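Coordinates in review
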Amino acid sequence: MDYITTVLVKNGLIVAFLVTGLLMIAAEYLSKILTNKKIPGSAIAIFSGLVLAYFAGLATGGSKGIADIKVLSGFELMGGAMFRDFTIVSTAMGVSFGIIKKTGLAGVVSLLVGVVLSFFAGAVIAIAMGYQDAASITTIGAGACTFVVGPVTGTAVGAGSDVVAISIAAGVVKSILVTIGTPLMARFIGLNTPQAAMIYGGLMGTTSGVAAGLAATDPKLVPYGAMTATFYTGLGCLLCPSALFLLVRMFY
Amino acid sequence: MLIRGVALLAACYITGQLIGETLGRLLQINANVGGVGFAMLLLILSQNWLEQRGRFHLEMQEGVVFWSKMYLPVIVAMSATQNAKLALSSGLVALLAGIVPVVVCLATMPLISKLNPKSE
């Protein structure tokens, strides 16, 4: 029986294609019979991915969701940054350059507001929960931006590894919340035009969350949201350990 | 012809990543600044450029469109590899620091949308 495992592991990426396909067929089916297509199959598929990742994490004790299960290790490649970014870039085909130019200013403003506001909201929570030193407050505030900004900032300002872990967790919570929440909130915040998607991407910033959330809302909006969101992590890594850290240090 | 489309996409992707990494280095931060965004702009611009010269063939487009349709499955695979256990189990600080900023930022969305020139 060992050779079956070996074959599956050796062809990991293909196994991931197969399993993802089956998962999406099942999600499409559930969408039809349980919700009468009210909840799109893509949203169900993404959500069940998260649920599977949670239980896989419980079972294996690892940090990579179902990719920690040996025969499903190909998911690490298929769900990794390379494929994610490559496919996001490909969605730009057919995007209207005019809309991007027209929304440029609002997009830049949304990026700045998104990073600064997330940082302060996170920092205030850190203070409220009893953190007293500037490095920890800054790192948790940075984690409220994305799960990349948190550890990058934590390393730069010299925060403890427990605080860095909290900042990563905060970023993961945010990305999962945006993934699940976007299709639910879209109607109430007017998220139905490319312009709105660009602003939304800039405000939320988590590329994975925005991309998955918009995919479940309306796939046509994905490239616009991803376009601004991709600048967010860089901007956060730029501002959090420098200007925002200095600002926090003035008070702590 | 199909591979030309894939190669065009790959060229834009790699160039964008390099620009993003270089920008990160110039700014002295250990991160990729907008690599995906630059790659997307490059793809849009090069598509326009090729179309104007009549050198953008349907089959070439299909090489790119395939990947844009693989986007959703890749996102599903990505969500299945998230550290969801960490997110749920790491305590109140992480949960609050992940949730509250999203709510606060959402509240500003109508304000920023007003910056947009009204579409016709």
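In this text, all values refer to a predicted model and were calculated from it rather than measured experimentally. (Residues numbered from 1 in each chain as written. Chains lettered and ligands numbered in written order. Predicted model: local features only at pLDDT ≥ 70, side-chain atom pairs only at ≥ 80, totals over all residues.)

Considering the domain arrangement of chain A
All names here are of chain A. By domain assignment, chain A separates into domain 1 (2-79) and domain 2 (97-251). Once you take the C-alpha centre of each, domain 1 and domain 2 turn out to be 27 Å apart. Opposite the six residues of domain 1 that make contact, domain 2 presents seven residues. Broken down by class, the residue content of the side of domain 1 that touches domain 2 amounts to five nonpolar, one polar and no charged. (Domains from an automatic or database assignment. Contact = placed C-beta atoms within 7 Å. Nonpolar A, V, L, I, M, F, W, Y, C, P; charged D, E, K, R; others polar.)

Quick word on the packing of helix α9 (residues 161-185) of chain A against helix α6 (residues 91-113) of chain B
Packing of α9 of chain A against α6 of chain B brings their axes to within 7 Å, and their N-to-C directions diverge by 45°. By the angle between their directions, the pair α9 of chain A and α6 of chain B is classed as oblique. In the crossing of α9 of chain A with α6 of chain B, the sense of the turn from one axis to the other is right-handed. The residues of α6 of chain B that touch α9 of chain A, namely those facing Ile-166, Ala-169, Ala-170, Gly-171, Val-173, Lys-174, Leu-177, Val-178 and Met-185 of chain A, are Val-93, Ala-94, Leu-95, Ala-97, Gly-98, Ile-99, Pro-101, Val-102 and Leu-106 of chain B. Looking at the contact of α9 of chain A with α6 of chain B residue by residue, the class counts come to 15 nonpolar, two polar and one charged. (Axes fitted to C-alpha atoms, helices over the stretch in contact; angles between N-to-C directions. Helix = DSSP H or I, 4+ residues; strand = E, 2+ residues; numbered from the N terminus. Parallel < 35°, antiparallel > 145°, perpendicular 65-115°, else oblique. Left-handed = near helix turned anticlockwise from the far one by under 90°.)

A look at the interface of chain A and chain B
If you look at the interface, chain A gives 92 residues, while chain B gives 65 residues. With 15 residues, helix α6 (residues 97-128) of chain A is the single largest residue contributor to the side of chain A that touches chain B. In terms of residue class, the side of chain A that touches chain B is built from 62 nonpolar, 24 polar and six charged.

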